[in-house]
Amino acid sequence: MTDTLLNVDRHLLITGGCGFIGSNFVRFIRAQRPAWRITNLDSLTEAGNLQNLADVAVGEHYRFIKGNICDRALVERLIDECTDIVHLAAETHVDRSIMDAGPFVQTNVVGTQTILDAALKVFKARSSGRLVFASTDEVYGSLPLDTMSERFTEDSPLRPNNPYSASKAAADMMVRAYHETFALDCVVTRCCNNFGPNQFPEKVIPLFVTNLLEGHSVPLYGDGKNVRDWIHVEDYCSALLAVLERGHSGATYNVGANNERSNLELTHELLRLLGCGPEMVRHVPDRLGHDLRYAIDAGKLECELGWQAERSAWPAALERTVKWYQDNESWWRAVKSGAYKDYYKRQYGLFEGESGE
Ligand code: NAD
Ligand code: DAU
């Protein structure tokens, strides 16, 4: 593909742009493709936060629309005004999906189908337009801990084990179906665990870092032996841009950083970075259906598109992330004192010494 085609001006519809990955992706596109326009469609669930974009949400190249991806008329109008879609909006927390799967089916499955139907109508009429869908490595299910060389490839069977990953797998298969049935131009990414700035502190890294900064203990599930592959969010943003511009239509790409750690290793690294001792770890009952290990082979993305994870190496990337939370205390204190607090109380009970008022 020529540079001229790669640099063509676009108007992206980014769904979920006020969340963790979405806000980092908006910032990444503003820096890497300053001529592009962005429409950010987000319904502002508790994970969505306008503060995440306070520094970049200015100027005529950016527009925020508060709305739901299940609103067909709105979605169709916005797609009609844009050239391509990067669909990130979702219910994303596994523990919440175990408490109530309903919103996960509604947003992740019905919302994605709404976007697919609207994209089909608009893009087909126009004969152009690409949809990039953020699926997840969780759709493959879990690997055992005794064969650490095994990894999922894009051809591995989908065996999701929790309501969140099942809803993402359903959406992922709907995207595939719209490509196969209607030749809609779609590309799917299946990425591992992201970390970085602006992550909602229900996810393990920002939860543990902010708890330790507050002087609270950290709730480690089960024996802590579960393994995740950690990628810095900017590396995932560069993968999303690569597949948008150069990915093969209808293809699926794994995105991973080859950076596997057990939760115990992660916890001890965070304790070390924050100068805390092992007494700050609170062992709590395991997550139901807790997947043991996620590990994916990102060779296809590396070979076909020349993508590399460049910003994920530990300990430097983790140190930078911890520093971001140290430097942005007002951001996470505001988030933690909102609706999040009720969730935390339901999930774990109160911290020692807290009144709950
Ligand atoms: P997040 O929970 O931080 O943000 C999700 C955003 O979507 C929020 O801003 C929220 O307000 C918005 N949203 C939710 N429901 C909506 C609806 N019905 N209509 C409009 N907006 C809605 O999530 P994240 O961690 O940034 O994940 C983004 C995407 O990447 C998701 O699709 C997720 O499945 C996928 N993904 C995440 C990771 C990860 O490690 N975080 C890894 C792989 C894939
Ligand atoms: O793998 C990609 C997925 O990563 C994304 O698709 C999901 O949207 C994202 O939430 C994330 O899922 P995980 O369940 O892996 O992330 P979480 O941060 O919730 O948990 C990471 C690990 O830490 C997991 O093994 C459970 C453990 N954990 C988590 C929390 C919140 C704890 O031990 N204690 C906790 O309090």
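Preceding this paragraph is the structure being described.
Just so you know, these numbers come straight off a predicted model, no measurement behind them.

Trainee: Tell me about the site of ligand 1, and name the residues and values.
Mentor: Around ligand 1 lies a shell of 28 residues, among which I21, D42, T92, Y164 and K168 are the nearest. Within the contact set of ligand 1, an oxygen atom lies 2.7 Å away from a side-chain nitrogen or oxygen of T92. Taking T107, its side chain carries an N or O atom lying 3.0 Å from a nitrogen atom of ligand 1. Relative to its free-state accessible area of 840 Å², ligand 1 is covered by the protein chains to the extent of 96%. For the shell around ligand 1, the secondary structure elements donating two or more residues are α2 (20–32), β5 (131–136), α6 (163–182) and β7 (193–195). When residues of the shell around ligand 1 are assigned to their parent elements, the largest contribution, three residues, is made by β5. Classifying every residue of the shell around ligand 1 gives 13 nonpolar, 13 polar and two charged.

Trainee: Requested: an account of the sheet that holds strand β1 (residues 11–15), with residues and values cited.
Mentor: Strand order in the open sheet formed by seven strands is β3-β2-β1-β4-β5-β6-β10, with parallel pairing between adjacent strands. Of all strands in the sheet, those with a lone pairing partner are β3 (62–66) and β10 (252–255), marking the two edges. Each strand axis lies, on average, 20° off the axis of its neighbour in the sheet, ignoring direction. Here β1 pairs with strand β2 (residues 37–42) via five bridges, running parallel. Residue pairing in the sheet places L13 in a bridge with T39 of β2. Sheet contacts for α2: β1, β2, β3 and β4 (84–87); angle to β1, the most-contacted strand, approximately 165°.

Trainee: Describe the site of ligand 2, listing the residues and the values that go with them.
Mentor: Near ligand 2, the surroundings consist of 26 residues, among which T136, D137, Y164, R287 and H290 are the closest. Measuring from a nitrogen atom of ligand 2, one finds a backbone N or O atom of P219 at 2.7 Å. Interatomic distance of 2.9 Å between a side-chain N/O atom of R228 and an oxygen atom of ligand 2. Protein chains bury 95% of the 690 Å² of accessible surface belonging to ligand 2 in isolation. Grouping the amino acids of the shell around ligand 2 by side-chain chemistry returns twelve nonpolar, seven polar and seven charged.

Trainee: Describe in detail the sheet that holds strand β9 (residues 227–232), supporting the description with residues and values.
Mentor: The strand order across the open sheet formed by three strands is β7-β9-β11, and the pairing between neighbours is mixed. Whereas interior strands pair on both sides, the edge strands pair on one side only; in this sheet they are β7 and β11 (260–262). Going from strand to strand, the sheet's axes swing by 50° on average, the running direction of each strand aside. With three bridges connecting them, β7 and β9 associate as parallel partners. Its bridge partner lying in β9, N193 is registered against W230. Relative to β11, helix α9 (residues 263–273) is tilted by about 85°, and along the sheet it contacts β9 and β11.

Trainee: Requested: an account of the side chain of Q199, with residues and values cited.
Mentor: Residue placement: Q199 occurs in the loop between β7 and α7 (204–214). Within the local environment of Q199, its side chain forms a polar contact with the backbone oxygen of N194, the two atoms lying 3.4 Å apart. Once residues lying within four places of it in the same chain are set aside, the contact partners of Q199 are F20, N194, P206, Y325 and W331.

About the thresholds
Residues numbered from 1 in each chain as written. Chains lettered and ligands numbered in written order. Predicted model: local features only at pLDDT ≥ 70, side-chain atom pairs only at ≥ 80, totals over all residues. Heavy atoms only, no water. Near = heavy atom within 4 Å. Polar contact = N/O pair within 3.5 Å; in protein donor to acceptor, adjacent residues only side chain to side chain. Areas by Shrake-Rupley, 256 points an atom, 1.4 Å probe, with all protein chains shown as cover. Helix = DSSP H or I, 4+ residues; strand = E, 2+ residues; numbered from the N terminus. Nonpolar A, V, L, I, M, F, W, Y, C, P; charged D, E, K, R; others polar. Pairing = 2+ DSSP bridges. Axes fitted to C-alpha atoms, helices over the stretch in contact; angles between N-to-C directions. Contact = heavy atoms within 4.5 Å.

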